[in-house]
Amino acid sequence: MRAMNRLARFFSRLSLLASIGLVSVILWDRYTPPAPPATLEPINGQIDRILIDKSERKMTVFQDDTIVRTYEIALGFTPEGDKMLEGDGKTPEGIFKIDRRNDQSAFHLSLGLNYPLAEDRARAAADGVSPGGDIFIHGQPNGRQRFEPILHDWTDGCIALSDAEIEELWGVTPIGTEVEITP
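What counts, and where the lines are drawn
- Residues numbered from 1 in each chain as written.
- Predicted model: local features only at pLDDT ≥ 70, side-chain atom pairs only at ≥ 80, totals over all residues.
- Heavy atoms only, no water.
- Helix = DSSP H or I, 4+ residues; strand = E, 2+ residues; numbered from the N terminus.
- Buried < 20%, exposed > 50% of the residue type's maximum accessible area, 1.4 Å probe, protein only.
- Lys, Arg positive; Asp, Glu negative; His and termini not counted.
- Salt bridge = Lys/Arg side-chain N within 4 Å of Asp/Glu carboxyl O.
- Contact = heavy atoms within 4.5 Å.
- Patch = residues over 30% accessible without salt bridge, like charges linked within 9 Å, V, L, I, M, F, W, Y side chains within 5 Å.
- Areas by Shrake-Rupley, 256 points an atom, 1.4 Å probe, with all protein chains shown as cover.
- pLDDT = per-residue confidence, 0-100.
- Pairing = 2+ DSSP bridges.
- Polar contact = N/O pair within 3.5 Å; in protein donor to acceptor, adjacent residues only side chain to side chain.

Caption draft 1: Region of interest: the side chain of Asp 82. You can see Asp 82 is positioned in the loop between β3 (66-72) and β4 (94-102). Despite being buried, Asp 82 has no salt bridge partner; Arg 123 is the closest side chain of opposite charge, sitting 4.3 Å away. Setting aside its immediate chain neighbours within four residues, Asp 82 contacts Lys 54, Asp 88, Lys 90, Thr 91, Pro 92, Glu 93 and Arg 123.

Caption draft 2: Structural view of a nonpolar patch on the surface. Taken together, the side chains of Met 84, Leu 85 and Val 129 present a nonpolar region at the surface, about 200 Å² in accessible area. Considering the arrangement of structural elements, one finds Val 129 in the loop between α2 (118-127) and β6 (136-138). For Val 129, a relative accessible area of 32% corresponds to the partly exposed category.

Caption draft 3: Here's a closer look at the confidence of the model for the chain. Counting all residues, the mean pLDDT for the chain is 83, and 74% of those residues have values of 70 or more. Across residues 21-36, where pLDDT falls below 50, the model places three contacts with residues more than four positions away in sequence or in other chains.

Caption draft 4: Looking closely at the pairing of strand β5 (residues 110-113). Going residue by residue along β5, you find Ser 110 and Gly 112 tucked away on one face and Leu 111 and Leu 113 tucked away on the opposite face as well. Both β4 and β5 contribute to a ladder of four bridges, which runs antiparallel. Each residue of the ladder has a partner; that of Arg 100, found in β5, is Gly 112. Bridge count for β5 against β6 is three bridges, and the pairing is antiparallel. Within the sheet, the bridge partner assigned to Ser 110 lies in β6 and is His 138.

Caption draft 5: Molecular detail of the pairing of strand β8 (residues 178-182). Alternating positions in β8 separate cleanly, Val 179 and Ile 181 being buried on one face and Glu 178, Glu 180 and Thr 182 remaining unburied on the opposite face. Alignment of strand β1 (residues 49-53) against β8, held across five bridges, turns out to be parallel. Pairing of Leu 51 across the sheet is with Glu 180, part of β8. When β4 meets β8, the two strands line up antiparallel, connected through four bridges. Residue pairing for β8: Lys 97 is matched across the bridge by Glu 178.

Caption draft 6: Here's a closer look at the sheet that holds β1. As summarised here, the arrangement of the eight strands in space is β3-β2-β1-β8-β4-β5-β6-β7, forming an open sheet in which the pairing is mixed. Looking at which strands have only one partner, the edges of the open sheet turn out to be β3 and β7 (159-160). Note that β1 and strand β2 (residues 58-63) share five bridges and pair antiparallel. When the bridges of β2 are listed, Arg 49 appears paired with Phe 62.

Caption draft 7: Highlighting the side chain of Lys 54. Note that Lys 54 resides in the loop between β1 and β2. Exposure remark for Lys 54: the relative accessible area of 3% places this residue in the buried category. Within the structure, Lys 54 has its side chain in polar contact with the backbone oxygen of Pro 79 (distance 3.0 Å). A distance of 2.7 Å separates a polar atom in the side chain of Lys 54 from the backbone oxygen of Thr 91. Discounting chain neighbours no more than four positions away, the residues touching Lys 54 are Leu 75, Pro 79, Gly 81, Asp 82, Thr 91, Pro 92, Glu 93, Ile 181, Thr 182 and Pro 183.

Caption draft 8: The arrangement of the environment of Ile 135 in detail. In this fold, Ile 135 is placed in the loop between α2 and β6. Put simply, Ile 135 and Gly 157 are 22 residues apart on the chain and 6.4 Å apart in space, counted from C-alpha to C-alpha. The contacts of Ile 135, once residues within four sequence positions are left out, are Lys 83, Pro 92, Arg 100, Leu 111, Gly 112, Leu 113, Tyr 115, Gly 157, Cys 158 and Ile 159.

Right, here's the structure in full:
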């Protein structure tokens, strides 16, 4: 009787694994990897302003008050509200400047913002906390598939684009470019 029970459990588990395998094969067969971004007209010259709308998860790039590109973005892992302290997972709100460029970061290219501003440091000091820092517009973590889509907010407070998008932005964004981040 014990041998029959063991044999029945074995076939039950085997049947479950076979079902899981069949479903996996069906899903894999229907999966289509995301297509690379459509080829757009290149941005001619440098940009002068970036607007980031956190609630819409959109970044709009301007050249002489004309919109030249809009990107979908990912934000900090707790995106609602302004950044108040280091580690809160929020993307800061306000008007900043691009103050550094890093082509050797842990992410595919990065454009640094001059956060924290004096008022951010003063507020944090009054609260007895660190305001955080190292807020960047950057690509995906190095080693990730090149055109993998952004599916959720995952950064520590930065603004993330696809690698192809940060390459385009990197090529047209000088130090000093204004970056406005709205709720």
